[in-house]
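Below, each chain spelled out in residue letters.
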Amino acid sequence: MSENDKELTIHVVATNDAMVSNLQQVFSKRPGKKPIVYMTRVDHELRLNRINLEKDNILIIDSEKISQFDIEDMALLHKERIHPYIIYLASSWTENQLIDLMRVGVNEIIHLPLNGSSQDLLDAIERIQKRVNIAVSSKPKGKIISCISSKGGAGATMIAINLAYLLSQKFQKKILFIDLHLQYGDSSYYLSDTIASSNVAEIVTQPYLNSVTIAASAIQVADNLYLLPSSNSIEKSSNIQADHIDTLLTVAAYEYDYVFIDLNYVLTSNSIRALDRSELIYIITQPTLAYLKSLVNLLGVFSELSYPEKKIKIVMNKCDVDAALPIEKVNEIINRKVYAEIPFDLSAVDESINAGVPIVKMFHLNKVSKAIEALANFTEGKNLVEKPESMLSQIFHLNKG
Ligand SMILES: Nc1ncnc2c1ncn2[C@@H]1O[C@H](COP(=O)(O)OP(=O)(O)OP(=O)(O)O)[C@@H](O)[C@H]1O
Ligand SMILES: [Mg+2]
């Protein structure tokens, strides 16, 4: 480990005192400077609430046999959004147990009894430490943006794809568009008829994900714009874990100016991890009661997740549709400002989807395209008009020009 590396704190929960002394001996020759915290189980239970695992920790759990209580305890950590690196020591396991352990975030499983030098365990710690140091030393340049519907079909994918396309063409930004739908990801229909050679589920589960793997797996759909489609196999998608999403985003943000994530409105631990990592979240909604009620629920969840308000931007799609609620009513329901408004144009939007060409390219003077262009300018920090508060007035300015 070099001087600048960040050293993780190791916490051990051992089955008994004999194992504590065994591990103390193993670690006595380790070069790390931070003291290691040793504990034993209480009545066979881990009692993880005794340990402060908030930041930068490796948790080593020693078990006689894998118990459901351990799995539940580790799952609880995830629920509380605490993510230590976990090394699990066990003498045997079944394939199902292995999957369960990985699902609750176990990074390494080591066979007991430890071999003479306990090299397996020391190597596992070294691997985790290396991963952390790569993440710390790489200065991500990219901005991660998630797009999510407040309820299915609000227009999130249509807007996200067109936004990404504009940023890649007008501002020459290098963009990776990741479709994180577990099933029925449809982003590729908007842009390309190329069948992807790979997908998110296949690449994130590879042991050493790097930018070359991403580049080789993504479809290039335009200059500077790359698309990583979702897997159509639910089974494969369900192998994706929150840790995988983390690694994918860390690697991608290092290589691309923008990483767009197209998310399903039903939240999962994976999508929450993607949202946690996003600098900006565009929630796409519509001015009708059903969409707005779902929006209020989603905003409630985001507030429980302690997301700052400035991270969340509301995009009102089909803002001028006949059935739209009046703006006063919308404001009363959501009690928040709408950041951007995108008008309704069924034939132009559908024609562009049918052709697999972004509407901003196919009909660049169309009102929908102009509104998305205004949103792209905002995203890039280029406010074209003096008063930024009304996106709709901006759209009309642009249309006149
Ligand atoms: N501004 C618009 N004007 C007209 N039609 C639109 C507009 N935006 C979206 N649509 C229509 O709504 C449909 C759904 O849009 P989209 O697939 O982007 O929604 P989504 O929020 O991503 O849905 P899902 O929840 O299924 O992922 C599109 O196929 C398109 O026909
Ligand atoms: Mg979609």
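Residues numbered from 1 in each chain as written. Chains lettered and ligands numbered in written order. Predicted model: local features only at pLDDT ≥ 70, side-chain atom pairs only at ≥ 80, totals over all residues.

A. Spotlight on the overall build of the protein. Helix and strand counts for the protein stand at 16 helices and 13 strands. Each of the three principal axes of the protein carries a C-alpha extent, and together these read 80 × 45 × 40 Å. Within the span of the protein, comprising 401 residues, buried residues form 39% of the whole. Put simply, of all contacts in the protein between residues at least 6 apart along the chain, 76% involve residues at least 24 apart. (Helix = DSSP H or I, 4+ residues; strand = E, 2+ residues; numbered from the N terminus. Buried ≥ 20, exposed ≤ 12 C-beta atoms within 10 Å, placed from the backbone. Contact = placed C-beta atoms within 7 Å.)

B. Highlighting the site of ligand 1. In the vicinity of ligand 1, 20 residues are found, and the nearest of them are S149, G155, A156, T157 and M158. Tallied by class, the residues present in the shell around ligand 1 amount to 11 nonpolar, six polar and three charged. (Near = placed C-beta within 6 Å. Nonpolar A, V, L, I, M, F, W, Y, C, P; charged D, E, K, R; others polar.)

C. Local environment of the environment of E235. For E235, the position within the fold is in helix 8 (residues 234-237). Exposure remark for E235: the 8 C-beta atoms within 10 Å place this residue in the exposed category. Here the alpha-carbon distance between E235 and L182, two residues 53 residues apart in the chain, equals 9.3 Å.

D. Spatial organisation of the packing of helix 9 (residues 242-255) against helix 10 (residues 269-277). Interaxial distance between helix 9 and helix 10 falls to 8 Å at its minimum, and their mutual angle equals 30 degrees. When the axes of helix 9 and helix 10 are compared, the crossing they make is right-handed. On the side of helix 9, the interface is formed by A242, I245, D246 and L249, while helix 10 contributes S269, N270, R273, A274 and R277. (Axes fitted to C-alpha atoms, helices over the stretch in contact; angles between N-to-C directions. Left-handed = near helix turned anticlockwise from the far one by under 90°.)

E. Structural view of the nonpolar core. In terms of nonpolar packing, the biggest core is built from 74 residues, with A164, L176, F177, V259 and F260 touching the most fellow members. By residue number, the principal contributor to this core is helix 5 (residues 156-170), which donates 10 residues. In this structure, I60, I66, L89 and V106 belong to the second largest nonpolar core, which totals 28 residues. (Core = buried A, V, L, I, M, F, W, Y, C linked by C-beta atoms within 7 Å.)

F. A look at the sheet that holds strand 13 (residues 340-342). Spatial strand order, 8-9-7-10-6-11-12-13: eight strands in an open sheet with mixed pairing. One side of each edge strand has no neighbouring strand; the edge strands of this open sheet are strand 8 (219-222) and strand 13. In this sheet, neighbouring strand axes are inclined to one another by 25 degrees on average, regardless of whether the strands run parallel or antiparallel. Two elements, strand 6 (residues 143-149) and strand 10 (residues 258-263), share six bridges in a ladder whose sense is parallel. Bridged to I144 within strand 10 is V259. (Pairing = 2+ DSSP bridges.)

G. How the structure looks around the sheet that holds strand 1 (residues 9-14). Spatial strand order, 2-1-3-4-5: five strands in an open sheet with parallel pairing. Unpaired on one side and paired on the other, strand 2 (37-40) and strand 5 (106-111) mark the two borders of the sheet. Mean inter-strand twist for the sheet, computed between neighbouring axes without regard to direction, equals 20 degrees. Where strand 1 and strand 3 (residues 57-62) come together, five bridges link them in parallel fashion. Considered in strand 3, the bridge of H11 is made with L59.

H. Representation of the environment of L249 in the model. For L249, the position within the fold is in helix 9. Taking the number of C-beta atoms within 10 Å as the measure of exposure, L249 has 22 and is therefore buried. Note: C-alpha distance between L249 and F363 (114 residues apart in sequence) is 32 Å. What L249 contacts, discounting residues up to four positions off in sequence, is I144, V259, A274 and R277.

I. Local environment of the environment of I334. Considering the arrangement of structural elements, one finds I334 in helix 12 (residues 327-334). Setting aside anything within four residues of it in sequence, one finds I334 in contact with L292, L295 and V296.

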